[in-house]
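Residue-level structure breakdown
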Amino acid sequence: MTLAIETRGLNYHFGQQQVVNELSLQVPKGSIYGFLGPNGAGKTTTIKILLNLLQAPREKVFIFGKDLAEHRIESLRRLGSLVEQPAIYGHMSGMENLHNRCLLLGISKARAAEMLALVGLTDAARKKAGKYSLGMKQRLGIALALLSDPELLLLDEPTNGLDPNGIIEIRNLLIRLATERGKTILVSSHLLAEIERTATHVGIINKGKLLFQGTIADLQQLSQPVVAIDTDDPVRAQTLLHAAGYPAETEGAQIRIPFQTPADHAQANKLLVEAGIAVHALQPLRKDLEHLFLDITKNN
Amino acid sequence: MRSLFISLRSEFYKSRKGLAFWAAILLPVLICGLIAFGYFNSSERILRNNMPPMGLWGQYSSQALAVMGMLILPFYVIFMAFSVNNIEHKNDTWKTLFSLPLQKLSVYSAKFFYSVLLVLICLALFMGLTYLFAHLLHLLIPAYRFDLYDPSLLLFQYYLKLFLSAMGILSFQFVLSLMWGDFLKPMGLGFVGTIAGIICANVQWKWAYLIPFSHPTLAMRMGKLRKSPADGIDIMTQEIWTSLAYMVVFFILGYFILAKKNIK
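Keep in mind that this is a model prediction, so the values were computed, not measured. (Residues numbered from 1 in each chain as written. Chains lettered and ligands numbered in written order. Predicted model: local features only at pLDDT ≥ 70, side-chain atom pairs only at ≥ 80, totals over all residues. Heavy atoms only, no water.)

1. Some words on the interface of chain B and chain A
For clarity, the threshold we go by: Two residues qualify as a contact provided that any one of their heavy atoms is within 4.5 Å of a heavy atom in the partner residue. Values labelled buried area give the accessible surface lost by two parts on being combined, using a 1.4 Å probe and summing over both. The rule for a salt bridge is simple: a side-chain nitrogen of Lys or Arg has to be within 4 Å of a carboxyl oxygen of Asp or Glu. N or O atoms closer than or at 3.5 Å make up a polar contact, with two conditions inside protein: a donor-capable atom paired with an acceptor-capable one, and, for residues adjacent in sequence, both atoms drawn from side chains. Labels follow the DSSP assignment, with helices taken as runs of H or I lasting at least four residues and strands as runs of E lasting at least two, numbered in each case from the N terminus.
With 30 residues of chain B at the interface, the matching set in chain A holds 30 residues. Summing the contributions of chain B and of chain A, the shared interface buries around 2700 Å²; its carbon and sulfur component is 55%. Interface area lost by chain B to chain A is led by Tyr13, Lys95 and Pro101 of chain B, which between them contribute 24%. The tally of links from chain B across to chain A stands at three salt bridges. Among the ionic pairs, lysine 17 of chain B bridges to glutamate 96 of chain A, the shortest N-O distance being 2.6 Å. Seen at the junction of chain B and chain A, the total is twelve residue pairs in polar contact (both at pLDDT 80 or more). Where the side of chain B that touches chain A is concerned, the elements lending two or more residues are α1 (2-15), α4 (53-91) and α5 (94-98) of chain B. At seven residues, the largest contribution of residues to the side of chain B that touches chain A is made by α1 of chain B.

2. Focus on the domain arrangement of chain A
Interface size is often expressed as the accessible area that is lost when the parts come together. Put simply, the test is: In this document the domain limits rely on a domain assignment from an automatic tool or a database.
For chain A, the assigned domains are domain 1 (3-221) and domain 2 (226-286). On a C-alpha basis, the centres of domain 1 of chain A and domain 2 of chain A stand 43 Å from each other.

3. Looking at the side chain of lysine 161 of chain B
Residues and elements named next belong to chain B. Operational definition: Accessible area is worked out with a 1.4 Å probe on protein chains only. A residue is then buried under 20% of its type maximum, exposed over 50%, and partly exposed in between.
Its place among the elements puts lysine 161 in helix α7 (residues 152-165). Since its relative accessible area comes to 1%, lysine 161 is described here as buried. Within the local environment of lysine 161, its side chain forms a polar contact with the side chain of threonine 237, the two groups lying 3.3 Å apart.

4. Points about the UniProt feature "transmembrane region" (unreviewed entry) in chain B
All names here are of chain B. Rules: UniProt positions are given in the numbering used here, feature names are shortened, and annotations may be inferred rather than shown by experiment.
UniProt's feature table lists "transmembrane region" (unreviewed entry) at residues 20-40, 60-82, 112-138, 158-180, 187-205 and 240-258, given in the numbering used throughout. Taken end to end, residues 158-180 has its terminal C-alpha atoms 33 Å apart, with 91% of it in helix and 0% in strand. The span residues 240-258 shows a helical share of 100% and a strand share of 0%, and its end C-alpha atoms are spaced 27 Å apart.

5. What to know about the pairing of strand β11 (residues 201-206) of chain A
Residues and elements named next belong to chain A. Quick reminder of the rule: The pairing criterion is simple: DSSP has to find at least two bridges between the two strands.
With respect to burial, β11 is a largely interior element, five of its six residues being buried. Looking at chain direction, β11 and strand β12 (residues 209-215) are connected through six bridges and run antiparallel. Counted as the bridge partner of histidine 201 is threonine 215 from β12. Hairpin connection from β11 to β12: two residues lie between these consecutive antiparallel strands, with lysine 207 at a positive phi of about 50°.

Below, the structure written as structure tokens:
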């Protein structure tokens, strides 16, 4: 497996506080790698290290197999990035921001219009970027990241501030870039559902530690959805379900069984109703990030 | 070198609509224009003194030189050094600049040279407009015999000296503005420094030449450093050497600050 990004036991401190702890990322070339974690987990710090904005020691960060500390320019030439809030010049228009970046990257200005069209900002091309909404700034940030047609994209919460349509567009764009143009994309988020829809690989970080790394299928194994059942007699319902082979667990007044198929939980419902238990509600639930973290931490 | 050139072009592109850039053009136009207007308006009173052409040139050009050397140049340099770096602090764009495939030294040098270039443009315009407006005055009021003496060499030398004397302040303020994104610290220190520098130079404190903010005032002192007008003036005086030494030291220091800068 060729790796676009690799970190080997990476550590980083802000003063006394350790923000990245023995992090060993492995981002396969051509993948969309979802970098998942709650706010303050160390995602942005890691991305900044990958861009050499925060300096890591030698032999710790590799971009396309080359040590970033020794091949900074060469590595950055293959990278496009969007870190935190998009860094744009507020006194310049969207188009001027892109033209300025074209100047710095030595690429044709014609590409600027193309990128604006790609992110849907053609109509606002002449408007001062400082007057853009958060979503528009985010789109411009994505256009800036894509401008040099980089092989590797590092996007820090790129859907922040976007409306649902914008989120879908960006999601589709990422998928297109990876599948049609063979780009490698590392996209950070604190939303599991967002990552599940786009990523092929996932890394979960919390308190600077990588808790999980694998394919999306591996993650789906971990984030097994459940069916929450409300009944008038949870104790008897659990006993009945157990007897029928369901690994039922109680949580408060609810019974939870793993979600298999709709037919399967219809069968569980039938079992309870036939036993004279009133079933008030049956609701499929996906584990939220917090629960997933708890599971992963428990497994680790 | 290519990195430096494109970074320099980008600096111009980013700031071409900003106050620091336009001040480099508007300040000389405004000040030289006002002086010329004053000479036009008060021509009768001025001509009553019957000054020889060289004296007239001396009196006329020293108006701009004195105002510029004493006050405007230090304040402009402080503001401009702040402005060139603040564009990145304000927009949080240091992270963008340093995540591009460009040498940090090129990004830094381009900013510094761009600041130097703005001072150069500003002073070159002062020199050119002083000369042009004088000849315009002669055209409008022929009794002003600006045509009978050619001050080009002296004007060039004075403005060159003023330019070199500003390099110490520029590099010092550049480092302060690089470190601090806020307005108050670099500007406040700069203002206090300028006033202290002017006082130290005017009371002829023997160590004044060590204070960057005193250099323009010291550089504009006429008299003992001056030879005959035909020979021009001594440009490389003690304060100019000190100003250039400060420029080298602060330029190197600024680069190390930037190279070690982590974008948190």
